[in-house]
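The residues making up each chain are set out below.
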Amino acid sequence: MAEQIRVVTLNCWGLKYVSKDRHERVAAIASALARSDYDIIALQEIWVEADYNEIRQSVVPRLPYTKLFHSGALGAGLGILTKWPIIATSMTPYSLVGEPTDVFGGDWFVGKGAGSVTIMHPVLGPVQLFVTHFCAKGGESGPECNRTYRLVNAWEFAKVTRQAAELGRYVIAMGDFNSIPTSLPMNVVLSHAGLVDSWATSHAHIPPPSGMISPIAGVINYGVTADSPLNSYRDSKPSGDPIVRKYQGKRLDYILFRHPSPNGSNDHLPRLTCRDSQVVFTDSIPGNSCSYSDHFGVEATLAIDTQAEGKQDDMASLKDTSAMWFNSPSELSSNAITKIMNAFNTSYRMSQDRSRKELTIFGTSILALIGLIIGSAWVAVPWLNPVFVLLVIFLSWQATTKLYEGFIFGNWERKALQNVIEELELHQQILASQAPYDR
């Protein structure tokens, strides 16, 4: 007996007042999903609850069980809609998501994290679904410390998905990971959590490009979901990013899955395999020239094999295939852990330096305020009074901001980094102690 689960993930780019053509695009997304045959839908950047409700109403006759996750000042922007009953939900905010002064980045104000629902599947039993959206800041080039927040996201996401499997649940994880397949964050996610990349397993036969490829080939063969010339919202200027030039965009959106952790009593559980995976929502919305979003979506068809007795371990073979595709180790190696900890230690020192500078500015601003207040008593020129008022306002704002950024956020950031560093050190020690027994 064979059954299947149809899954799709889409970053909707639904920022209120910021995202272009939002109302038209959300209506088109809702209409397209209403006509689809997906069993599970994962959405990111669905910041406006009315937009989520519009999509939910369009699919609720077929997908009656839904969850919009709430976190942060402006919401998590994450949602899951599913065919099967939801028996539990949770939201795990990431400990580091951005800086409070990075207003245009906005990650600090939204509740980025891992949203999850546990569904009761008629064949698989409990299946825990995850949706996430990692921090974008840091790009792909330069030292790994540029991507510290994303690495923290990856480690914390890998932990919760791994824990779900250790509880005896199947795991399906979806979202915008803001990381290319060969990046260190994706190495952490795939290796530590034991997750399998649906796109990689269904396209393992396709070699890396040997020369310039077309944008269509980038989408069809290499799963490009962002920065594609086929997307109407991409900057028309030629990209200076070598990854974008090589693949005609980036693959940042994923559907990942895994089986429950083996415990001796579940050796003959049904197996999940990826039958097919494609990039979707690549066309323009009907009656308009704009794309559905600034990202394309990804769909996957996961086949359920209930006649798995006596077959080779599927997870091992899938992980081998994934490792070949990504040219990365099949386990989180000691070398990878060392790279991560080096990035975190560098970021810790940078945070200390930044806090010292900001607190110095705070102290200087306070001294300037005191001098300004005292000096204003000796100035009898009336037209200077508004100037003094503006200077007081500016110095007060600067002092308050630098105190918060340098003391409160600085300590917050370093304590979060310290926690993750200690977790990685412990994990590395455990791996080292187990090494002699694996020989």
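Parameters and conventions
Residues numbered from 1 in each chain as written. Predicted model: local features only at pLDDT ≥ 70, side-chain atom pairs only at ≥ 80, totals over all residues. Heavy atoms only, no water. Helix = DSSP H or I, 4+ residues; strand = E, 2+ residues; numbered from the N terminus. Rg over C-alpha atoms; globule rule 2.2 N^0.38 Å. Contact = heavy atoms within 4.5 Å. Areas by Shrake-Rupley, 256 points an atom, 1.4 Å probe, with all protein chains shown as cover. Axes fitted to C-alpha atoms, helices over the stretch in contact; angles between N-to-C directions. Parallel < 35°, antiparallel > 145°, perpendicular 65-115°, else oblique. Left-handed = near helix turned anticlockwise from the far one by under 90°. Nonpolar A, V, L, I, M, F, W, Y, C, P; charged D, E, K, R; others polar. Pairing = 2+ DSSP bridges. Core = buried A, V, L, I, M, F, W, Y, C linked by side-chain atoms within 4.5 Å. Buried < 20%, exposed > 50% of the residue type's maximum accessible area, 1.4 Å probe, protein only. pLDDT = per-residue confidence, 0-100. Patch = residues over 30% accessible without salt bridge, like charges linked within 9 Å, V, L, I, M, F, W, Y side chains within 5 Å. Salt bridge = Lys/Arg side-chain N within 4 Å of Asp/Glu carboxyl O. Phe/Tyr/Trp six-rings, centres within 6.5 Å; stacked < 30°, edge-to-face > 60°. Lys, Arg positive; Asp, Glu negative; His and termini not counted.

Draft legend 1. Quick look at the overall build of the chain. The secondary structure content of the chain amounts to 10 helices and 12 strands. Taken over C-alpha atoms, the radius of gyration comes to 24 Å for the chain, in line with the 22 Å a tight globule of 439 residues would show. With respect to the three principal axes, the spread of C-alpha positions in the chain is 90 × 65 × 50 Å. If you take every contact in the chain between residues at least 6 apart in sequence, the share linking residues at least 24 apart comes to 74%. Carbon together with sulfur atoms contributes 58% to the accessible area of the chain, which is approximately 20,300 Å² in total.

Draft legend 2. Broad picture of the packing of helix α4 (residues 184–193) against helix α9 (residues 334–376). Contact geometry for α4 and α9: axes closest at 11 Å, N-to-C directions at 130°. As summarised for this structure, α4 and α9 are arranged oblique, according to the angle between their axes. Read as a crossing pair, α4 and α9 show a hand that is left-handed. Along its contact with α4, which presents Leu184, Asn187 and Val188, the element α9 presents Ala336, Lys339 and Ile340. A per-class count over the contact of α4 with α9 returns 4 nonpolar, 1 polar and 1 charged.

Draft legend 3. Examining the sheet that holds strand β8 (residues 170–176) more closely. Judged by pairing direction, the sheet is mixed, and its 6 strands sit side by side in the order β5-β6-β7-β8-β10-β9 without closing on themselves. Of all the strands in the sheet, just β5 (86–93) and β9 (196–197) have a single pairing partner and so form its edges. Here β5 runs beside strand β6 (residues 113–121); their pairing, made up of 7 bridges, is antiparallel. Each bridged residue has a counterpart across the sheet, and for Ser90 the counterpart in β6 is Ser116.

Draft legend 4. Quick peek at the nonpolar core. With 43 residues, the main nonpolar core has Phe157, Phe177, Val189, Leu195, Leu256, Phe344 and Leu424 as its most contacted residues. When contributions to this core are tallied by element, the ones reaching two or more residues are α3 (148–166), β8, α4, β10 (253–258), α9 and α10 (385–438). Looking at which element gives the most residues to this core, the answer is α3, with 10 residues. Setting aside chain neighbours within four positions, we find Phe344 in contact with Thr148, Leu151, Val152, Leu417, Val420, Ile421 and Leu424. Membership of the second largest hydrophobic core comes to 27 residues, among which are Ala76, Leu78, Trp84 and Leu302.

Draft legend 5. Just the confidence of the model for the chain, in detail. On average, residues of the chain score 89 in pLDDT, and 91% of them are at 70 or above. Within the model, the stretch residues 309–330 combines pLDDT values under 50 with 46 contacts to residues more than four positions away or in other chains.

Draft legend 6. Spatial organisation of a nonpolar patch on the surface. A cluster of nonpolar side chains, Leu359, Leu403, Tyr404, Phe407, Ile408 and Trp412, forms an exposed patch at the surface whose accessible area comes to about 530 Å². With 5 residues, the top contributor of residues to the nonpolar patch is α10. In this structure, Leu359 sits in helix α9.

Draft legend 7. Structural context of the packing of aromatic side chains. This model, assessed by the stated rule, comprises 10 aromatic pairs. With centroids separated by 5.5 Å and ring planes inclined at 70°, the aromatic side chains of Tyr222 and Tyr247 adopt a geometry described as edge-to-face. Taken together, the residues Tyr222 in helix α6 (residues 215–222) and Tyr247 in helix α7 (residues 242–247) connect sequence positions 25 residues apart. Joined through ring pairs, the aromatic side chains of Tyr94, Phe130, Phe134, Phe157, Phe177 and Tyr254 make up one cluster.

Draft legend 8. Representation of the side chain of Glu45. Structurally, Glu45 can be placed in the loop between β2 (40–44) and α2 (49–59). The charged side chain of Glu45 is buried without a salt bridge, its nearest counter-charge being Lys112 at 5.9 Å. Setting aside chain neighbours within four positions, we find Glu45 in contact with Asn11, Cys12, Trp13, Gly14, Leu15, Gly77 and His133.

Draft legend 9. Representation of the side chain of Glu156 in the model. Relative to the helices and strands, Glu156 resides in helix α3. Of the side chains with opposite charge, Lys159 lies nearest to the buried Glu156, which makes no salt bridge, at 5.7 Å. Excluding anything up to four places from it in sequence, Glu156 contacts Tyr94, Ser95 and Val420.

Draft legend 10. Main features of the packing of α3 against α9. Relative to each other, α3 and α9 sit at 130°, their axes nearing to 10 Å. Taken as axis vectors, α3 and α9 run oblique relative to one another. Judged by the sense of rotation from one axis to the other, the crossing of α3 with α9 is left-handed. Facing α3, whose interface residues are Thr148, Leu151 and Val152, α9 presents Ile340, Ala343, Phe344 and Ser347. Of the residues in the contact of α3 with α9, the class split is 5 nonpolar, 2 polar and no charged.

Draft legend 11. Seen up close, unusual backbone geometry. With a phi close to 50°, Trp13 is a non-glycine residue in the positive phi region. Mapped onto the elements of the fold, Trp13 is located in the loop between β1 (2–11) and α1 (22–35). The buried category is assigned to Trp13, whose relative accessible area is 14%. Of note in this structure, Glu45 is not a glycine but carries a positive phi near 55°.

Draft legend 12. Here's a closer look at the pattern of salt bridges. This structure, assessed with the given rule, holds 15 salt bridges. Between Arg354 and Glu413 there is a salt bridge, and its shortest N-O distance comes to 2.5 Å. Separated by 59 residues along the polypeptide, Arg354 in helix α9 and Glu413 in helix α10 bring together distant segments of the chain. Here Arg354 falls in the partly exposed class, since its relative accessible area comes to 21%. For Glu413, a relative accessible area of 5% puts it in the buried group. Linked through salt bridges whose partners overlap, the residues forming this network are Arg6, Asp37 and Glu299.

Draft legend 13. Representation of α6 within the structure. Among the residues of α6, Ala217, Gly218, Val219 and Tyr222 are the ones counted as buried. Just downstream of α6, Gly223 is the residue with a positive phi angle, here 70°.

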